[in-house]
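# Overview (structure and organization)
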Amino acid sequence: QVQLVESGGGLVQAGGALRLSCAASGSIFRDNAMGWYRQAPGKQRELVAGISSSGRTNYQDSVKGRFTISRDNAKNTVYLQMNSLKPEDTAVYYCVAYQSWVVLGTPRYWGQGTQVTVSS
């Protein structure tokens, strides 16, 4: 049984920062790529950032230079540091795990989501 549990969401003013955490349990993490998706009201889910099992990262263009994804394999945890937040970053953020070691295709596992709200 794989579980992904997010934490760290909340309400922040524009220009502020938040750090999301995702704790993974079960037979997954070290050899799996991880990522963060988000879904804003009325919009489709979109990949925000991904990190391979080797630590290679990729980002959506709109968050490059502001967000940083990282992973701690000893703690089975992946993080998303979000700086210079904008109102358009408001969304439910989902932690995901891929079946493979690279960020490719549709994630296999999803967390329950954590709300991030950025006020202007």
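The coordinates are above.
I will try to describe carefully the structure that is included in this document.

Reading guide: rules and limits
Going along each chain's sequence as written, the residues are numbered from 1 onward. In view of the model being predicted, local features appear only for residues whose pLDDT reaches at least 70, and side-chain atom pairs are presented and counted only at 80 or more, with totals across whole chains, interfaces and linings using the full set of residues. To obtain the side-chain values, all non-hydrogen atoms of the structure were used and water was disregarded. Only DSSP runs of H or I with at least four residues qualify as helices, and only runs of E with at least two residues qualify as strands; both kinds are numbered from the N terminus onward. It is over C-alpha atoms that the radius of gyration is taken, and the globule rule equals 2.2 Å times the number of residues to the power 0.38. Think of a nonpolar core as a cluster: buried Ala, Val, Leu, Ile, Met, Phe, Trp, Tyr and Cys residues, connected wherever their side-chain atoms sit within 4.5 Å. Relative accessibility under 20% of the residue-type maximum defines a buried residue, over 50% an exposed one, and the middle range a partly exposed one, all with a 1.4 Å probe and only protein chains included. Residues are treated as being in contact if the distance between any of their heavy atoms lies within 4.5 Å. Just to be clear on terms, a salt bridge is a Lys or Arg side-chain nitrogen sitting within 4 Å of an Asp or Glu carboxyl oxygen. Two cysteine sulfurs form what is called a disulfide whenever their separation falls within 2.5 Å. Only strands joined by at least two bridges in the DSSP assignment are considered to pair. Axis lines are fitted through C-alpha atoms, for helices just across the contact stretch, and the angle between N-to-C directions can take any value from 0 to 180 degrees.

Our focus in this paragraph is the overall build of the protein chain. Helix and strand counts for the protein chain come out as zero helices and 11 strands. Reading the protein chain from its N terminus to its C terminus gives the helix and strand order β-β-β-β-β-β-β-β-β-β-β. For a compact globule of 120 residues, the expected C-alpha radius of gyration is about 14 Å, and the protein chain comes in at 13 Å, within 12% of that figure. Projected onto its principal axes, the C-alpha positions of the protein chain cover 40 × 25 × 25 Å.

This brings us to the nonpolar core. Judged by nonpolar contacts, the single largest core of 28 residues is most densely connected at Met34, Trp36, Phe67, Val78, Leu80, Met82 and Tyr93. Looking at this core, the elements that each hand over two or more residues are strand E3 (18-25), strand E4 (34-39), strand E5 (46-51), strand E7 (67-72), strand E8 (77-82), strand E9 (91-97) and strand E11 (114-119). Dropping the residues within four chain positions of it, methionine 34 is found in contact with Leu4, Phe29, Gly50, Ile51, Ile69, Arg71, Val78, Cys95, Val96, Ala97, Tyr98 and Val103. Ranked by size, the runner-up nonpolar core spans five residues in total, among them Ala33, Tyr37, Val96 and Tyr98.

On inspection of all chains with the given rule, the structure shows four salt bridges. Its salt-bridge partner being glutamate 46, residue arginine 38 comes within 2.8 Å of it at the nearest N-O pair. When its relative accessible area of 5% is taken as the criterion, arginine 38 is described as buried. Linked by salt bridges that have partners in common, Arg38, Glu46, Arg66 and Asp89 make up one network.

This paragraph deals with the state of the cysteines. Across all of its chains, the model carries one disulfide by this definition. The disulfide that involves cysteine 22 links it to cysteine 95, with 2.1 Å between the sulfurs. Across the S-S bond of cysteine 22 and cysteine 95 the torsion is about -80°, and the bridge reads as left-handed. Of this pair, cysteine 22 sits in strand E3 while cysteine 95 sits in strand E9, placing them 73 residues apart in sequence.

Further remarks concern the sheet that holds E3. Across the sheet, which stays open at both edges, the four strands sit in the order E1-E3-E8-E7 with antiparallel pairing between neighbours. Pairing within the sheet leaves two strands with one partner each, and these edge strands are strand E1 (3-7) and E7. Taken over all neighbouring pairs, the strand axes of this sheet differ in orientation by 15° on average, direction set aside. Sheet topology note: the E7/E8 ladder contains six bridges and is antiparallel. The partner of arginine 71 across the bridge, within E8, is valine 78.

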